[in-house]
Amino acid sequence: MTQDSTLYALRSTLYALRSTLYALRSTLYALRSTLYAPLDAAAPRVTILRMPVTLVHKPKGVPAERVLVIGGFQPDFYLALRQTPWLVEEILDGAEALADAARRDYGVVVCSLRMRNTWGLDVLDAILKADPLTPVIMSTGEQSPKIVVEAMQRGAFDYVIEPYADLAYVIGVIGRAVRRRAAVRRGHAIREELQSAGASFLHELVGLSEALRELCERIRQVAPAHSPVLIEGESGSGKELVARAIHMGSARRHGPFVAVHCGAIPESLLESELFGHEKGAFTGAESTRVGVFEAAHDGTLFLDEIGLTSPACQAKLLRALESGAIRRVGANRELPVDVRFVSATNEPLDGLVAGKRFRQDLFFRLNVVGLRVPALRERREDIPLLCHHFAERFAKEAGKPFEAFSQAALDALQAYSFPGNVRELRNVIERAVVFARGPVIGTAELPEAIRNLGRTAPEPATGPADAGLREAYLSLSSGPGSMGLYERLAAVERTMIEQALVLSKGNRSHAAKLLRIKRTTLLQKLARQGLAEKGKAGKPRRASPAKRKSTGGGRAK
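Residues numbered from 1 in each chain as written. Predicted model: local features only at pLDDT ≥ 70, side-chain atom pairs only at ≥ 80, totals over all residues. Heavy atoms only, no water.

A. Here's a closer look at the pattern of salt bridges. With the rule as written, the count across this model stands at 20 salt bridges. We note a salt bridge from Arg244 to Glu240, for which the minimum N-O separation is 3.2 Å. Here Arg244 pairs with Glu240, and both are found in helix 8 (residues 239-248), just 4 residues apart, close to one helical turn. On the accessibility criterion, Glu240 (31% relative accessible area) is partly exposed. Here Glu278 ties to Arg328 by a salt bridge, and the two come within 3.4 Å at their closest N and O atoms. On the criterion of sequence distance, the pair formed by Glu278 in the loop between strand 11 (276-277) and strand 12 (289-290) and Arg328 in the loop between strand 14 (325-326) and strand 15 (335-336) is long-range, its members being 50 residues apart. Of the residues examined, Glu278 reaches a relative accessible area of 24% and is grouped as partly exposed. (Salt bridge = Lys/Arg side-chain N within 4 Å of Asp/Glu carboxyl O. Helix = DSSP H or I, 4+ residues; strand = E, 2+ residues; numbered from the N terminus. Buried < 20%, exposed > 50% of the residue type's maximum accessible area, 1.4 Å probe, protein only.)

Okay, here's the thing in structure tokens:
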């Protein structure tokens, strides 16, 4: 009898044993129902004979996520699950799953399609009805495209085919679901922070960083006053948002807020834009025009990039601030105006004063109260909040679903310097929402310059091999120059080989398939790494010094 025939016979025996256990379990359920039917009618459900969820694997330390498997699976699948950082529990009976699984808070569910007493798709519907964001992976021996399509249409996260020829792939699918669930949980936590009283305050000023908190506290102090305010900060950092917050926190909140960008108006027209003009004041002035000073009466006038104004315009601005009155171009009399004057600049005005490009007296008049808006790179901890804030806005406008960002995407965004500040971040998130194919935005939707930064921060572990790789990465990257390139590669290679041998219980042919390399290549690597064949216990032993010497073992070249 060939080895394949022996394995097939063993698998058939195991499945027959599972069916017998199902029958015995059903008998126990029937006996329980008979014994406790009177009690169930008069009191809450009796749990003394109730078969709870079975614990499959409890990792050391805090579990990365909770995984529920529903229905029976092949033995080596459970062995692979016991090597993961997840808390794994099981419900064998489909009817019990319908009654109990939907009420539990599980991160990821792996559900058999065919179970005793229940159709797997019904369990899928019940779980998603209780929590639509739970990733459910359907598993079955059927390869019918119709079943696969129906499962995906009902909301399944993925679909795997039994028997599992590649357990590493199946564990990887569960790992992707775990990362998806973790990202959604983070998204909900961030959303709660945004909705809290201390996070999304003063309108569009979103963040929890100390720098932003200090700025907002100063805005609260400044807003009720009538004094002019000078806001300094880099382009795109949100100076106009600060000006609007000052306006909305003042007694003038019901009056107009008028914003003018001095650099966007030609110098020849800026005076007319600010103060207005009379009919016939100059060529083309066919009618009287009201300037922004008059338009902002009883409100707030915000002049952005005030350092770009001409000396003549600066003199008239100083006169308007000192007297509280303006004169239209071509007019003979002054008009009183009552405005709160707020200005902004991305280049410090004291430097322009030193360079004789800005009037010193006007600078002193503007800088009664000075505020500085921090650059986005100075408050990187606010980037996740801002990302969710913008993504929810753009997803709602586009009619697209959005739940969260992957951790790798957030790591890449926080690693980027954002020379364009919040304005650049907003444009990046708008682009990501446009290209997103699902409710979770990953690195694939980010620009290449940002996406590449995420490659230096690996995503959380997804399975046994990934757990070893993460541990190796953290230990190797702890100190510069602690290990060279070849040492690092050899350590990572050794970790993957050891984990593959554990999963294959020392079977080198199976381990080679898991690693997707030839068996002869694996033998060469075992010799080069100084590892002998693993026994059934799964513990590697060192080869003898003579053997390592004969095989050229030691460090990878």
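Anyway, onward from the coordinates.
B. Fine view of helix 20 (residues 508-515). Listed in full, the buried residues belonging to helix 20 are Ala511, Ala512, Leu514 and Leu515. The buried residues of helix 20 occupy an angular sector of 160° when the element is viewed end-on, so they sit on one face. For helix 20, the N-terminal capping position is held by Asn507, with its side-chain oxygen 3.0 Å away from the main-chain nitrogen of Ser509. Within two residues after helix 20, Arg516 carries a phi angle of roughly 60°, on the positive side. (Arc of directions from axis to C-beta. Polar contact = N/O pair within 3.5 Å; in protein donor to acceptor, adjacent residues only side chain to side chain.)

C. Up close: the layout of surface pockets. The calculated volume of the second largest pocket comes to roughly 500 Å³. What lines the second largest pocket is a set of 26 residues, among which Gly236, Gly238, Leu241, Arg423 and Arg426 lie closest to the centre. Those elements that place two or more of their residues in the lining of the second largest pocket are helix 8, strand 10 (257-261), strand 13 (299-304), helix 14 (383-398) and helix 16 (421-435). A per-element tally of the lining of the second largest pocket places helix 14 first, with 4 residues. Tallied by class, the residues present in the lining of the second largest pocket amount to 10 nonpolar, 6 polar and 10 charged. (1 Å grid on protein atoms, 1.4 Å probe; cavity = no way out; pocket = protein on both sides within 12 Å on 5 of 7 lines; lining within 4 Å. Points joined across faces, edges and corners; volume = space filled by probe spheres on them. Nonpolar A, V, L, I, M, F, W, Y, C, P; charged D, E, K, R; others polar.)

D. Local environment of the sheet that holds strand 4 (residues 108-112). The sheet built from 6 strands is open, its strands ordered 1-3-2-4-7-8 with mixed pairing. At either margin of the open sheet sits one strand with a lone partner, and together these are strand 1 (54-57) and strand 8 (158-161). Each strand axis lies, on average, 25° off the axis of its neighbour in the sheet, ignoring direction. Bridge analysis of strand 1 against strand 3 (residues 87-91) gives 3 bridges, and the strand direction is antiparallel. Looking at strand 3, one finds that Thr54 is bridged to Glu90. On the sheet, helix 4 (residues 120-130) packs against strand 2 (66-70), strand 4 and strand 7 (136-140) and is oriented at approximately 175° with respect to strand 7. (Pairing = 2+ DSSP bridges. Axes fitted to C-alpha atoms, helices over the stretch in contact; angles between N-to-C directions. Contact = heavy atoms within 4.5 Å.)

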